[in-house]
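# Results of the structural survey
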Amino acid sequence: MMVGEQRDNNILREDKKTEAILRIPEAVLAEELLRDEKDSRYLTAEEVKMIVSSSIEIGKERAEALRDRPILERLENAHIKVRYIEPGEETFSDMNPYASVQEAQLLYRPGDVQIKVWMQPLRFKLKLLSNYMDITEDDLISLCLCHEYFHSLEFLEKKRVFDQCGTYTREFFPGLRRKLRLTSPSEIAAHSFARTYTGFLYSPEATDLLMLYQEERVKEDRLYDGGVYRV
C-alpha cells in the first residue's frame with residue numbers, strides 16, 4: 001500500500017471540501033504557489049507552466065535516483081542532524097504566517113546542518129489525515145525529512161531549482177534588464193521530491209492546505225472547480 005492510500009471507497013466521508021482539497025492536482029497547487037511570488041507577474045502564462053513542470057520533474061527525477069535508501073540513512077551519511085521539537089520547547093516566530101502549520105525547517109551552516117521537526121503541528125496533521133487515509137507519524141516525519149533533505153542538496157551543490165528551469169529576464173526600464181529570481185520553484189521541487197521518495201498518494205502541499213482550511217484560513221467559497229484561492 002502506498003503511503004497515504006485510502007482505506008476504502010468511503011474514506012473521504014461527507015466533507016466534499018476536504019475531498020476537493022486532497023484531490024487538487026500537484027501542478028495546480030504548484031502554479032498557485034509560483035503565482036504568489038511578486039516577480040511571477042512578469043512571467044507569461046506559458047513560462048509559468050514551463051517552470052512548474054520543470055520544477056516538478058527536477059524533484060521527481062532526483063528522488064527516483066536516491067530513493068533506494070531510507071531517508072534517515074541518507075541524512076546520517078550526510079551528517080545532517082534531526083531534532084524533534086516537542087510542544088513548549090521551541091516555536092516558530094509569531095511573525096511567520098504559517099507557524100501553526102509548518103512542521104519542519106532546515107538550518108544549513110557549514111559543519112552544522114540540522115532539520116528541526118515540530119511535533120505539535122505534525123501530530124495535528126496526523127490526526128486530521130488519519131480520518132481519511134492509512135498514515136502514521138513516521139510517514140509524516142519522512143515527508144518532512146525528504147522535503148528538507150532536498151533543500152540541503154540545493155545548498156550543498158549550490159544549484160537553485162529556478163536556475164535549472166532556464167533564464168528569465170525582463171526590461172524594467174529602457175536598456176535596463178534584470179534577471180528574475182524566484183524561490184517557489186525550490187518548494188515545488190521539494191514537494192515533488194518528498195512525494196516521489198515516500199510514495200505519498202497526494203501532494204504534500206495539499207495536506208498543508210487542508211490544515212489551513214481547518215484553521216479557516218482558506219474560505220469555502222474560494223474552493224471550486226479543482227482550483228484553490230487562499231485568503
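This structure is a prediction, so every number in the text was calculated from the model and none was measured.

### Quick notes on the overall build of the protein chain
For the protein chain, the count of helices and strands is 9 helices and 7 strands. Residue burial in the protein chain is summarised as follows: out of 231 residues, 47% are buried. Once local pairs closer than 6 in sequence are excluded, the contacts in the protein chain between residues at least 24 apart make up 69%. Total accessible area computed for the protein chain in this model is approximately 12,600 Å², and 49% of it derives from carbon and sulfur atoms.

### Things to note about helix 3 (residues 45-66)
With 22 residues, helix 3 should cover 32 Å at 1.5 Å per step; its first-to-last C-alpha distance of 32 Å lies within 8% of that length. Those residues of helix 3 lying buried are Glu47, Val48, Ile51, Val52, Ser55, Ile56, Ile58, Gly59, Ala63 and Leu66. Around the axis of helix 3, the buried residues are gathered within 165° of arc, so they sit on the same side. Counted as exposed and oriented over 90 degrees from the buried face of helix 3: Glu46, Lys49 and Ala65.

### What to know about the pairing of strand 2 (residues 104-109)
Pairing of strand 2 with strand 3 (residues 112-118), which is carried by 6 bridges, proceeds in the antiparallel orientation. If you follow Leu107 over to strand 3, its bridge partner there is Gln114. Counted along the chain from strand 2 to the antiparallel partner strand 3, the turn is 2 residues long, and its residue Gly111 has a positive phi close to 85°.

### Observations concerning the side chain of Ser55
Mapping Ser55 onto the fold places it in helix 3. Look past the residues within four positions of Ser55 in its chain and what remains in contact with it is Val161, Cys165, Pro185, Ile188 and Ala189.

Conventions used here
Residues numbered from 1 in each chain as written. Predicted model: local features only at pLDDT ≥ 70, side-chain atom pairs only at ≥ 80, totals over all residues. Heavy atoms only, no water. Helix = DSSP H or I, 4+ residues; strand = E, 2+ residues; numbered from the N terminus. Buried < 20%, exposed > 50% of the residue type's maximum accessible area, 1.4 Å probe, protein only. Contact = heavy atoms within 4.5 Å. Areas by Shrake-Rupley, 256 points an atom, 1.4 Å probe, with all protein chains shown as cover. Expected span 1.5 Å × (residues − 1). Arc of directions from axis to C-beta. Pairing = 2+ DSSP bridges.

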